[in-house]
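Observations on the model geometry
Take a look at the letters that make up each chain.
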Amino acid sequence: MPQPLTRSESRAGFVYLLEIQYASRVFRWTSGEAVDIASDSGSLHYRAGLPVSWTDGGDVLSIDSEQRSVSFDALDMPEDVDVAELVEAGHDLAAAVGELSIWVTGRTYEERIPLLEGRAVAPTYGGKGEAIALTIEERLYDDASTLLNPAGHVTPTTWPLADPAMFGRAYPLVVGRPGRYVEADGTEGKTTGSPCLLVNVTAKRFLIAGHRVAASTVRVINTTKGEARDETVIITVDGLGREVSLIDGSGTGLSVVEGDEYWVRWDTGDALVGDDSTTPVRQAGDVLQYVLQRSTLRVDRGAMAAAVAFLNRYRLDFYVDDPDVSAWDWLADNVLPLLPVSVVGGPRGLRPVVFRWDARTVDAVDAIQAGPDAVRVSPVSYSVEEPVQTVQVSYAPRGGEGDHLRDVTLAGDTMTPDAGQHRALRSSFVRYGERRILRLATDIVYDDATAQLVASTLASTYALPRREVVYELDPRRFGTLEAGQVVTLTDAEIHLADAVAVVQSIEWGAVTMSVVLVLTEDPARDF
């Protein structure tokens, strides 16, 4: 795998390389002077004249995913190439594939750093000798997978003795301990957690997960008759040899009747285990990693591993039984809204960027000092989102019903009933004197501490408007910066001295880089 630019390479300067695969040929350009680059298959020639400007990172503070793209307005083709003639011969220019990369003198072709690859979008061409124009768009978020295995369904082949009402039902993916929570008075709360499928009427066997689980027993609830029993978990295979988890209800007196509705509560152990078949997968970082590994998306595994430890402070409990949802869509809809993380594109694929609202100067990877290498090119601007003063998170869903049994509320004032306090919300209330409420309901949290942490994350994110400022930096000095990293900023003109900021995005040009910085707030200074 190509190594990132070193600081010495960044200072020495780099060039961009573009490759376009079209009509069974590869066309190459560089943003520097024409150059021949050594490769395993021989010397590769790159033509000069590549105009390039592209943005890395998008909005790392947003859960909305943006496809990365880079546009080229004027690419001169070799003299012997007539694109119009090729198109009429059946070579569709819109089917061309491109790659943008970085290269420095001394590296081979294989050691270049790929930045973006994808298909041509909205290309234009003219007659022989005229330049072409196109956009290369990398479809990083187009997940062709489904989160659940398409073969994991109740059918006459997989379970010939199943309750006919079960045919067509997907095997559920179950994580953590859905169904258990803590009441407001500190006592244990219990509810229906995940579906329970009657797959063998004769033997009174129920499927509780389409995978191996850690729990040795579960509570099975017949909601139709209002009865429940503790049942022993059995690891076995279905009619197609797929490993699943069942329970046998034949010896506990549980009423087993076709047409009745059954649910599981995970009282004594976790559900999903990892690839080692032993370690439970429940913490948010592990869940994020597990789900992305089952997608068709390209993932930066090194960046993922670095983010897991921080995200594992959040515990998740849930089930998924939608056979059509993709791994990425499920994450974007259910997990990312709860966490201080965005998943953005990078040269090695999708990578999580953890935003640390509590970041301090010791977390900074670099120091930006206004001067010749760092020129401010924008005023300081405030984000347009309205600040909130109260956050309410509803959690502990009741399986099959759609409602939530618990709420946690954080507020900036002292008058909201049963609300905890939060510094950022307090600061927002003092500054703006309003009581705007942000409400969020989640179906993947039962743990009280996690619900509190989610509420705190939302409060830190939305209580105060963000301040943003743009600097044009010298890539020879700051070329190793990445979106999501923490830096300090010193600029006497706007009275900032070692202010903590986060790199929101980077727009790269041929010889410059424009960086959007988000200044972090310190609510403690208001007290």
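Every value quoted in this text rests on a predicted model; they were computed, and no experiment measured them. (Residues numbered from 1 in each chain as written. Predicted model: local features only at pLDDT ≥ 70, side-chain atom pairs only at ≥ 80, totals over all residues. Heavy atoms only, no water.)

Regarding the overall build of the protein chain
- Helix and strand counts for the protein chain come out as eight helices and 33 strands.
- For the protein chain, the spread of C-alpha atoms along the three principal axes comes to 80 × 65 × 35 Å.
- For the protein chain, buried positions account for 51% of its 527 residues.
- Contacts in the protein chain between residues far apart in sequence, at least 24 positions, make up 68% of those at least 6 positions apart.
- For the protein chain, the exposed area adds up to about 23,100 Å²; of that, 47% sits on carbon and sulfur atoms. (Helix = DSSP H or I, 4+ residues; strand = E, 2+ residues; numbered from the N terminus. Buried < 20%, exposed > 50% of the residue type's maximum accessible area, 1.4 Å probe, protein only. Contact = heavy atoms within 4.5 Å. Areas by Shrake-Rupley, 256 points an atom, 1.4 Å probe, with all protein chains shown as cover.)

A word on helix H6 (residues 423–432)
- Those residues of H6 not exposed but buried are Ala-424, Leu-425, Ser-427, Ser-428 and Phe-429.
- The secondary structure elements touched by the buried residues of H6 are strand S26 (390–397), strand S27 (404–411) and helix H7 (448–462).

Notes on the environment of Gly-269
- Position of Gly-269 among the secondary structure elements: in the loop between strand S19 (262–265) and helix H3 (284–293).
- Separated by 42 residues in sequence, Gly-269 and Glu-227 place their C-alpha atoms 21 Å apart.
- Not counting residues up to four positions away in its chain, the partners in contact with Gly-269 are Gly-176, Arg-177 and Ala-215.

What to know about the pattern of salt bridges
- This model, assessed by the stated rule, comprises 25 salt bridges.
- Across the pair Asp-80 and Arg-25 runs a salt bridge, and its minimum N-O distance is 3.3 Å. With Asp-80 in the loop between strand S6 (68–75) and helix H2 (83–88) and Arg-25 in strand S2 (residues 25–30), the pair connects residues that are 55 residues apart, well separated along the chain.
- The partner of Arg-177 in a salt bridge is Asp-270, and the shortest N-O contact between them spans 2.9 Å. Note that Arg-177 is positioned in the loop between strand S10 (173–175) and strand S11 (180–182) and Asp-270 in the loop between S19 and H3, a separation of 93 residues in sequence.
- According to the relative accessible area criterion, Arg-177 is partly exposed, its value standing at 28%. (Salt bridge = Lys/Arg side-chain N within 4 Å of Asp/Glu carboxyl O.)

Some thoughts on the packing of aromatic side chains
- Within the structure shown, the criterion is met by four aromatic pairs.
- Centre to centre, the rings of Phe-14 and Tyr-16 are 5.8 Å apart; their planes meet at 85 degrees, and the pair counts as edge-to-face.
- Classification of Tyr-16 by relative accessible area gives buried; the value is 0%.
- The side chain of Arg-294 reaches across the aromatic face of Tyr-290, ending 3.5 Å from its centre.
- Here the basic side chain of Arg-313 rests over the ring of Phe-310, its NZ or CZ set 4.2 Å away from the ring centre. (Phe/Tyr/Trp six-rings, centres within 6.5 Å; stacked < 30°, edge-to-face > 60°. Lys NZ or Arg CZ within 6 Å of the ring centre and 35° of its normal.)

Focus: the sheet that holds S26
- One open sheet accounts for four strands, arranged S28-S27-S26-S29; its pairing is mixed. The sheet is open, and its two edges are formed by strand S28 (420–421) and strand S29 (437–441), each paired on a single side.
- Of the pairings in the sheet, the one linking S26 to S27 comprises seven bridges and is antiparallel in character. Across the sheet, the residue bridging to Ser-394 is Asp-407, located in S27. (Pairing = 2+ DSSP bridges.)

A short note on the environment of Tyr-46
- Inspection of the secondary structure assignment puts Tyr-46 in strand S4 (residues 42–46).
- Remark: the alpha-carbon pair of Tyr-46 and Trp-29, spanning 17 residues in sequence, is separated by 4.7 Å.
- With sequence-adjacent residues up to four places away left out, Tyr-46 is seen in contact with Leu-17, Leu-18, Glu-19, Arg-28, Trp-29, Thr-30, Ala-34, Val-35, Ile-37 and Tyr-109.
- In terms of polar contacts, Tyr-46 uses its side chain to reach the side chain of Glu-19, at 2.9 Å. (Polar contact = N/O pair within 3.5 Å; in protein donor to acceptor, adjacent residues only side chain to side chain.)

Focus on the confidence of the model for the protein chain
- When pLDDT is averaged along the protein chain, the result is 90; 95% of the residues meet or exceed 70.
- Per-element mean pLDDT across the protein chain ranges from 61 in strand S5 (residues 54–56) up to 98 in S10.
- Contacts of residues 60–64 to residues separated by more than four positions or lying in other chains number 16 contacts, the stretch itself having pLDDT below 50. (pLDDT = per-residue confidence, 0-100.)

What to know about the packing of H3 against helix H4 (residues 301–311)
- Running from N to C, H3 and H4 cross one another at 150 degrees; their axes reach a closest spacing of 7 Å. On the basis of their axis angle, the class for H3 and H4 is roughly antiparallel. Only Arg-301, Met-304, Ala-305, Val-308 and Leu-311 of H4 make contact with H3, whose side of the interface consists of Ala-284, Gly-285, Asp-286, Leu-288, Gln-289, Leu-292 and Gln-293.
- Class assignment for the residues of the contact of H3 with H4 results in seven nonpolar, three polar and two charged. (Axes fitted to C-alpha atoms, helices over the stretch in contact; angles between N-to-C directions. Parallel < 35°, antiparallel > 145°, perpendicular 65-115°, else oblique. Nonpolar A, V, L, I, M, F, W, Y, C, P; charged D, E, K, R; others polar.)

Here's the deal with the packing of H3 against helix H5 (residues 327–335)
- Viewed as axis vectors pointing N to C, H3 and H5 meet at an angle of 155 degrees, and their least axial separation amounts to 8 Å. As summarised for this structure, H3 and H5 are arranged roughly antiparallel, according to the angle between their axes. You can see that H3 and H5 cross each other, and the crossing is left-handed. Contacts from Val-287, Leu-288, Val-291 and Leu-292 of H3 reach H5 at Ala-327, Trp-328, Trp-330 and Leu-331.
- In terms of residue class, the contact of H3 with H5 is made up of eight nonpolar, no polar and no charged. (Left-handed = near helix turned anticlockwise from the far one by under 90°.)

Notes on the sheet that holds strand S13 (residues 194–195)
- The strand order across the open sheet formed by seven strands is S13-S19-S16-S17-S18-S15-S14, and the pairing between neighbours is antiparallel. Where the open sheet ends on each side, the last strands, each with one partner, are S13 and strand S14 (197–200).
- As paired strands, strand S17 (residues 227–237) and strand S18 (residues 243–248) are joined by five bridges and run antiparallel to one another. The residue bridging Thr-236 from the neighbouring strand is Val-244, located in S18.

As for H3
- With seven of its ten residues buried, H3 lies for the most part within the structure.
- Within H3 the residues assigned to the buried category are Ala-284, Gly-285, Val-287, Leu-288, Tyr-290, Val-291 and Leu-292.
- Contacts from the buried residues of H3 go to S10, H4, strand S20 (318–320), H5 and strand S22 (349–354).

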